[in-house]
Amino acid sequence: MIRAWEINKNNCYMEQTQSVASQKTNARRAEMIENGRYSYQATLATAQKVNWRIEDIIGGDKRLDFSKPFMPESLARVEPLDFLRADEKRTLNQIRGAAYLGIFGLVEEFILPFVLDHARPQLRGDDYRVRALLQFAGEEAKHIHLFKRFREEFERGFGHDCAVIGPPEVIAQAVLAHDPLAVALTILHIEWMTQRHYLDSVKDDQSLDPQFKSLLKHHWMEEAQHAKLDTLMVEALAKGRSAREIEAAVEEYLEIGGLIDAGLKQQVGFDLDAFTRATGRKLNEEEKDQFGRAQLQANRWTYLGSAMTHERVLATLGSLSPAARKRVEEVAPAFC
Ligand SMILES: [Fe+2]
Ligand SMILES: [Fe+2]
């Protein structure tokens, strides 16, 4: 970091003092804006501080440990499947981890073009806005790469194919065909979801593979800024719309949720196939049924319910329209 005295070393003492004072004032102002309402300036400053490199997280001696679970039990929900042995539960947990990598990689592929499209029309406006949104897009491009790198490591160590829903470009096209406000709400949902996954379920779980936990931690660190920027995007896209138009966009957000839900049903089938291949265990019809129901609900909570009940998602919805918040609150229990 360059200090004020280094920048101003050829100037007089008074100028240096004023520069330090004005930097402090700017920082304070940014914090104040941050406390009342998110700001592009404060979010950009935090993003630059927490920025990390993929090489520091995976590769070399940083390897996945397949003797440990990858996902917290509150998301994996393998324990209720009491017909499975402990090692089979761990294998299923790791398959859910592989799906998490694939599904996050996939959603990031529609977030990236959406953020770029949102930034593009106002490149000459607020400089902090432009830089914060481009930082956001750059981080999502890095996350796509990060999830791919973890998938490669996973496949190398696991030794069996684990299919994931897709292809990403087809899902991106289907999502991006919706009203931009509905897409921004979906992205808001995803950003707060990652916050909840890490803080509520991962952070204090000491049983998880440290490498997978590190992935979730580093993703959470950058997603914290995305959640704030997406709140600002939602506010910008909702500006000037009538209550009826807001509610129509929220219906489209729920339609995108339906699309994700259909994908999750398919993913449960893929996970069962991967489980059968990896363990050689053939489940009977009753066990398959139990597996399918429990895992669908686990996936629904992971990717839908944990966001639809998130207080920040609900607060943003409520600020747009109390009826929209109520609508989501009524639908959410089906995904918990
Ligand atoms: Fe991300
Ligand atoms: Fe993000």
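Here, the structure is the one placed above.
As the structure is a prediction and not an experimental result, all values here were calculated from the model.

Here is what the cut-offs are and how they apply
Per chain, residues are indexed from 1 in the order of the written sequence. Chains and ligands are labelled sequentially in the order written, the chains with letters from A and the ligands with numbers from 1. Residues qualify for local features only when their pLDDT is at least 70, as the model is predicted, and side-chain atom pairs are given and counted only at 80 or more; totals for whole chains, interfaces and linings, by contrast, use all residues. Calculation of side-chain values draws on the structure's entire complement of heavy atoms; hydrogens and water are dropped beforehand. In plain words, nonpolar cores are sets of buried Ala, Val, Leu, Ile, Met, Phe, Trp, Tyr and Cys residues tied together by side-chain atoms within 4.5 Å. Per-residue accessibility, obtained with a 1.4 Å probe over protein chains only, is compared with the maximum for each type, and a residue is labelled buried under 20%, exposed over 50%, and partly exposed between these values. Numbering of helices and strands runs from the N terminus, with a helix taken as a DSSP run of H or I at least four residues long and a strand as a DSSP run of E at least two residues long. Any two residues having at least one pair of non-hydrogen atoms within 4.5 Å are treated as being in contact. Axis geometry follows a simple rule: fit a line to the C-alpha atoms, using only the stretch in contact for helices, then measure angles between N-to-C directions, giving values from 0 to 180 degrees. Aromatic contacts are taken between Phe, Tyr and Trp rings whose centres are within 6.5 Å, Trp giving its six-membered ring; a plane angle under 30 degrees counts as stacked, one over 60 as edge-to-face, and the others as tilted. Any Lys NZ or Arg CZ found within 6 Å of a ring centre and within 35 degrees of that ring's normal is scored as a charge over the ring. A donor here means any N, O or S atom no more than 2.8 Å from the metal (3.2 Å for Na, K and Ca); water is not included, so a site may seem to lack partners. When four donors show all angles between 85 and 135 degrees the site is tetrahedral, when four or six donors have opposite pairs over 155 degrees and all other angles between 65 and 115 it is square planar or octahedral respectively, and in every other case it is irregular.

Our focus in this paragraph is the nonpolar core. Core analysis: the biggest nonpolar cluster contains 93 residues, and Leu-185 and Phe-291 have the highest contact counts within it. For this core, the leading source of residues is helix H5 (residues 86-119), giving 14 residues. Setting aside anything within four residues of it in sequence, one finds Phe-291 in contact with Leu-81, Phe-83, Leu-92, Val-268, Asp-271, Leu-272, Phe-275 and Leu-283.

Bringing the packing of helix H12 (residues 311-320) against helix H13 (residues 322-331) into the picture now. Where H12 meets H13, the closest approach of the two axes is 5 Å, and the angle between their N-to-C directions is 140°. The segment H12 lies against H13, with Leu-314, Ala-315, Leu-317 and Gly-318 engaging Pro-322, Ala-324, Arg-325, Val-328 and Glu-329.

This paragraph deals with the packing of aromatic side chains. Considering all chains together, one arrives at 13 aromatic pairs under this definition. With centroids separated by 4.5 Å and ring planes inclined at 25°, the aromatic side chains of Tyr-198 and Trp-220 adopt a geometry described as stacked. Linking Tyr-198 in helix H8 (residues 180-202) with Trp-220 in helix H9 (residues 210-238), this pair joins segments that are 22 residues apart in sequence. Grouping aromatic residues by their ring pairs yields a cluster made of Phe-66, Phe-70, Phe-150, Phe-154, Phe-158 and Phe-212. Sitting over the face of the ring of Trp-52, Lys-142 holds its NZ or CZ atom 3.8 Å from the ring centroid.

We now examine the coordination of the iron ion (ligand 1). Protein-derived ligands of the iron ion (ligand 1) are Glu-108 (OE), Glu-108 (OE), Glu-140 (OE), His-143 (ND1), His-219 (NE2) and Glu-223 (OE), with the metal-ligand distances lying across 2.0 to 2.7 Å. Because the angles between the six donor atoms bound to the iron ion (ligand 1) fall within 52 to 172°, the donor set is best described as irregular. Taken in chain order, the donor set of the iron ion (ligand 1) reads E-x31-E-x2-H-x75-H-x3-E.

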